[in-house]
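Residue-level structure breakdown
Given next are the chains, with one letter for each unit.
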Amino acid sequence: MVRWSELRFLGKRWGDAMDAAQQEATARARELQRNWYGEPLGALFRRLIDDLGLNQARLAGVLGLSAPMLSQLMSGQRAKIGNPAVVQRVQLLQDLAGQVADGSVSAAEATERMDEIRKSQGGSVLSNTTTTTSSSGAPTVKRVVREIQSLLRSVAAAGDIIDAADSLSSSHPELAEFLRVYGAGRTSDAVAHYQSHQN
């Protein structure tokens, strides 16, 4: 006959094993996030929350995620963002946070831009539709640049792109510069690079 103390001991061992398995799965998910997005999504999303003055519910709404899904991505229970449009919105928010930090966008403008980002559907460089245009056409250029950035950053983390650029710098300097600017640089620098290479 099994004693109560033995059952408790077995239950504790089983619980410890489950905790260890969960911690290992979380660590693996965060490592995958680091490879895919440059850092674990928990750190990335917390920085966006702080830099843009959001809470988790508002960030989830802007990204087009449910609050539970955002929580799972932040905690490492889920590794990958399945929707490419959400990945693009994350990148747009990162760019916006940088503009708020350097003072080129005010808090009021940032709120308006976040509403635009929330409504954006993603899309392709080859698409004829654009979310916003101006007489100068700058948002169209910015959109193309962000598509290029999104594509590069979906293939490799920023650190890997820089490593690839370093290995190409002596034999193919222009290609190395392209990788650095679009794969790991700021959107404003990529826009300037893009415009400098237009006829």
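Residues numbered from 1 in each chain as written. Predicted model: local features only at pLDDT ≥ 70, side-chain atom pairs only at ≥ 80, totals over all residues. Heavy atoms only, no water.

The final tally for this structure, using the stated rule, is 2 aromatic pairs. Aromatic pair W36 and Y37: ring centres 6.3 Å apart, planes at 75°, arrangement edge-to-face. Judged by relative accessible area, which is 28%, W36 ranks as partly exposed. Relative to Y182, the ring of F178 lies with its centre 4.5 Å away and its plane at 35°, an arrangement referred to as tilted. Taken as a pair, F178 and Y182 lie in helix 9 (residues 173-184) at a separation of 4 residues, close to a single helical turn. For F178, a relative accessible area of 27% corresponds to the partly exposed category. Taking relative accessible area as the criterion, Y182 reaches 2% and is therefore assigned buried. (Phe/Tyr/Trp six-rings, centres within 6.5 Å; stacked < 30°, edge-to-face > 60°. Buried < 20%, exposed > 50% of the residue type's maximum accessible area, 1.4 Å probe, protein only. Helix = DSSP H or I, 4+ residues; strand = E, 2+ residues; numbered from the N terminus.)

This brings us to the environment of A165. Along the chain, A165 turns up in helix 8 (residues 158-168). For the pair formed by A165 and V181, sequence separation is 16 residues and the distance between their alpha carbons is 9.9 Å. Once residues lying within four places of it in the same chain are set aside, the contact partners of A165 are A176, L179 and R180. (Contact = heavy atoms within 4.5 Å.)

Averaged over every residue, the pLDDT of the protein chain is 81; the share at 70 or more is 83%. Mean pLDDT values over the elements of the protein chain span from 75, in helix 7 (residues 138-155), up to 94, in helix 3 (residues 56-63). (pLDDT = per-residue confidence, 0-100.)

A separate point is the nonpolar core. If you look at the biggest cluster of nonpolar residues, it comprises 28 residues, and the most contacted ones within it are F45, L59, L63, I81 and L93. Every element with two or more residues in this core is listed here: helix 2 (41-52), helix 3, helix 4 (67-75), helix 5 (84-101) and helix 6 (107-119). The contacts of F45, once residues within four sequence positions are left out, are L59, L63, L70, L73, M74, I81 and V90. Counting residues in hydrophobic clusters, the runner-up holds 12 residues, among them V141, V181, Y182 and V191. (Core = buried A, V, L, I, M, F, W, Y, C linked by side-chain atoms within 4.5 Å.)

Axis separation between helix 3 and helix 6 bottoms out at 7 Å; the angle between their running directions is 50°. Taken together, the axis directions place helix 3 and helix 6 in an arrangement best described as oblique. Packed against helix 3, whose contacting residues are R58, G61 and V62, the element helix 6 presents T111, M114, D115, I117 and R118 at the interface. A per-class count over the contact of helix 3 with helix 6 returns 3 nonpolar, 2 polar and 3 charged. (Axes fitted to C-alpha atoms, helices over the stretch in contact; angles between N-to-C directions. Parallel < 35°, antiparallel > 145°, perpendicular 65-115°, else oblique. Nonpolar A, V, L, I, M, F, W, Y, C, P; charged D, E, K, R; others polar.)

Below, the discussion takes up the pattern of salt bridges. Inspection of the entire model under this criterion finds 6 salt bridges. For the salt bridge of R34 with E31, the shortest nitrogen-to-oxygen distance reads 3.5 Å. Taken as a pair, R34 and E31 lie in helix 1 (residues 4-37) at a separation of 3 residues, close to a single helical turn. A residue is classified by how much of its surface remains accessible, and E31, at 39% relative accessible area, is partly exposed. (Salt bridge = Lys/Arg side-chain N within 4 Å of Asp/Glu carboxyl O.)

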